[in-house]
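# Breakdown of the fold
Here is what each chain is made of, one letter per residue.
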Amino acid sequence: MYMVYWTVVEDERCTPHQKLFETSDMVQAMQHMETLRRRQREGEGLRFITMASEHPDLVGHPGVDVTGADYNWKKRRR
């Protein structure tokens, strides 16, 4: 899934907004962001336009702190 976030700044007041897009709607999410950026370029008080993603079918919790005993990654190979 994709979540687009942006903040509207009016009269020194910041109001956060978000819009959810399904996993298959990445193009629509990016088009929405471009619409927001176009409005920003035209002088509208929009800031912090960004997108985050999260796959709904993850098997485990995200992160690298959960590794098995056989985990042996090294930055440099010797």
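Rules used throughout
Residues numbered from 1 in each chain as written. Predicted model: local features only at pLDDT ≥ 70, side-chain atom pairs only at ≥ 80, totals over all residues. Heavy atoms only, no water. Helix = DSSP H or I, 4+ residues; strand = E, 2+ residues; numbered from the N terminus. Buried < 20%, exposed > 50% of the residue type's maximum accessible area, 1.4 Å probe, protein only. Contact = heavy atoms within 4.5 Å. Salt bridge = Lys/Arg side-chain N within 4 Å of Asp/Glu carboxyl O. Pairing = 2+ DSSP bridges. Axes fitted to C-alpha atoms, helices over the stretch in contact; angles between N-to-C directions.

## Examining the overall build of the protein chain
Helix and strand content of the protein chain: 1 helix and 3 strands. In the protein chain, the succession of α and β elements from N to C terminus is β-β-α-β. The proportion of buried residues among the 78 residues of the protein chain is 17%. Within the protein chain, residue pairs in contact and separated by at least 24 positions form 45% of the contacts whose partners lie at least 6 positions apart.

## Topic: the environment of Y5
On the secondary structure map, Y5 appears in strand β1 (residues 2-10). Distance in space between the C-alpha atoms of Y5 and Q18 is 4.4 Å, their sequence separation being 13 residues. Here Y5 is in contact with H17, Q18, F48, I49, T50 and A52, once residues within four sequence places are set aside.

## Quick word on the pattern of salt bridges
Within the structure shown, the criterion is met by 2 salt bridges. Where R41 meets E34, a salt bridge forms, and the shortest distance between an N and an O atom there is 2.9 Å. With relative accessibility at 34%, the residue E34 sits in the partly exposed group. The closest approach of N and O atoms between E44 and R39, which form a salt bridge, is 2.5 Å.

## Quick look at the sheet that holds strand β3 (residues 46-53)
Ordered in space as β2-β1-β3, the 3 strands form an open sheet in which the pairing is antiparallel. Edge positions in the sheet fall to β2 (13-21) and β3, since each of these pairs with one other strand and no more. Across the sheet, the mean angle separating the axes of adjacent strands is 15° when strand polarity is ignored. Where helix α1 (residues 26-41) meets the sheet, its contacts fall on β1, β2 and β3, and the angle it forms with β3 comes to roughly 170°.

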